[in-house]
Amino acid sequence: MQARERGADVPEPTMVAATGTTGTGAGDSAPGTSLATDLAADYFQSYSVVGLLAVVGVLFVAVAFGAGRLLRPVVPTPEKLMTYECGVDPVGEGWAHTQVRYYVYAFLYVIFAVDSIFLFPWATVFAAPGYGAATLVEMFIFLGFLAVGLLYAYKKGVLTWT
């Protein structure tokens, strides 16, 4: 092959550093700086963009709330200041007894919902080659803990609806 001569209109080849700056080779950075400081500057510059977007978002929300406060009509009347629930006038006192068993039912639901969250990924790992026996033992240990909790709830009488 024959080497071609460069014309006056063809620039010298440049090297692109990891920071995205261009140069012709070693020693292109400013005196006293290194590639690590250039990378750190780019790293923090990317976070400054995220910070700027967060500030713009907070300002947008603040301006929206301020505009709403300035533009809305403020005419307090006794009917508007009265406490209500679902459009029904309140009757009696604000204190009402709530059965604790409803919280226990909610707690049991959360336990079994978490159980199902762990069962789905386990099923995908169990199907992968080489993980069968270990994941099967781990899942039965996990289900054993849940069974002990369910047995405890049953013995305490939590699961009887009265």
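Residues numbered from 1 in each chain as written. Predicted model: local features only at pLDDT ≥ 70, side-chain atom pairs only at ≥ 80, totals over all residues. Heavy atoms only, no water.

**Structural notes on the overall build of the protein chain**
Of regular secondary structure, the protein chain possesses four helices and two strands. When the helices and strands of the protein chain are placed in sequence order, the string is β-β-α-α-α-α. The buried share of the protein chain, taken over its 162 residues, is 6%. Of the roughly 14600 Å² of accessible surface on the protein chain, a fraction of 70% belongs to carbon and sulfur atoms. (Helix = DSSP H or I, 4+ residues; strand = E, 2+ residues; numbered from the N terminus. Buried < 20%, exposed > 50% of the residue type's maximum accessible area, 1.4 Å probe, protein only. Areas by Shrake-Rupley, 256 points an atom, 1.4 Å probe, with all protein chains shown as cover.)

**Focus: the packing of helix α3 (residues 100-127) against helix α4 (residues 132-155)**
Where α3 contacts α4, the two axes come as close as 11 Å, and the packing angle between them is 170°. The angle between the axes of α3 and α4 places the two elements in the roughly antiparallel class. From α3, L108, I111, F112, D115, F118, L119, W122, V125 and F126 reach across to α4, where they touch G132, T135, L136, M139, F142, L143, L146, L150 and A153. (Axes fitted to C-alpha atoms, helices over the stretch in contact; angles between N-to-C directions. Parallel < 35°, antiparallel > 145°, perpendicular 65-115°, else oblique. Contact = heavy atoms within 4.5 Å.)

**Details of α4**
Its 24 residues give α4 an end-to-end C-alpha distance of 34 Å, which sits within 8% of 34 Å, the value for a rise of 1.5 Å per residue. Turning to α4, its buried residues are T135, M139, L146 and A153. In this fold, the buried residues of α4 make contact with α3. The first or second residue beyond α4 is G157, which carries a positive phi of 80°. (Expected span 1.5 Å × (residues − 1).)

**Topic: a nonpolar patch on the surface**
A cluster of nonpolar residues, Y109, V110, V114, I117 and F118, forms a patch on the protein surface that exposes about 520 Å² of accessible area. As for its placement among the helices and strands, V114 is situated in helix α3. Assessed through its relative accessible area of 36%, V114 is described here as partly exposed. (Patch = residues over 30% accessible without salt bridge, like charges linked within 9 Å, V, L, I, M, F, W, Y side chains within 5 Å. Salt bridge = Lys/Arg side-chain N within 4 Å of Asp/Glu carboxyl O.)

**Comments concerning the confidence of the model for the protein chain**
On average, the protein chain scores 76 in pLDDT, and the residues at 70 or more come to 75%. The least confident element of the protein chain is strand β2 (residues 22-23), whose mean pLDDT is 48; the most confident is helix α1 (residues 35-71), at 88. For residues 19-27, every residue scores under 50 in pLDDT, and the model assigns this stretch 13 contacts once sequence neighbours within four places are set aside. (pLDDT = per-residue confidence, 0-100.)

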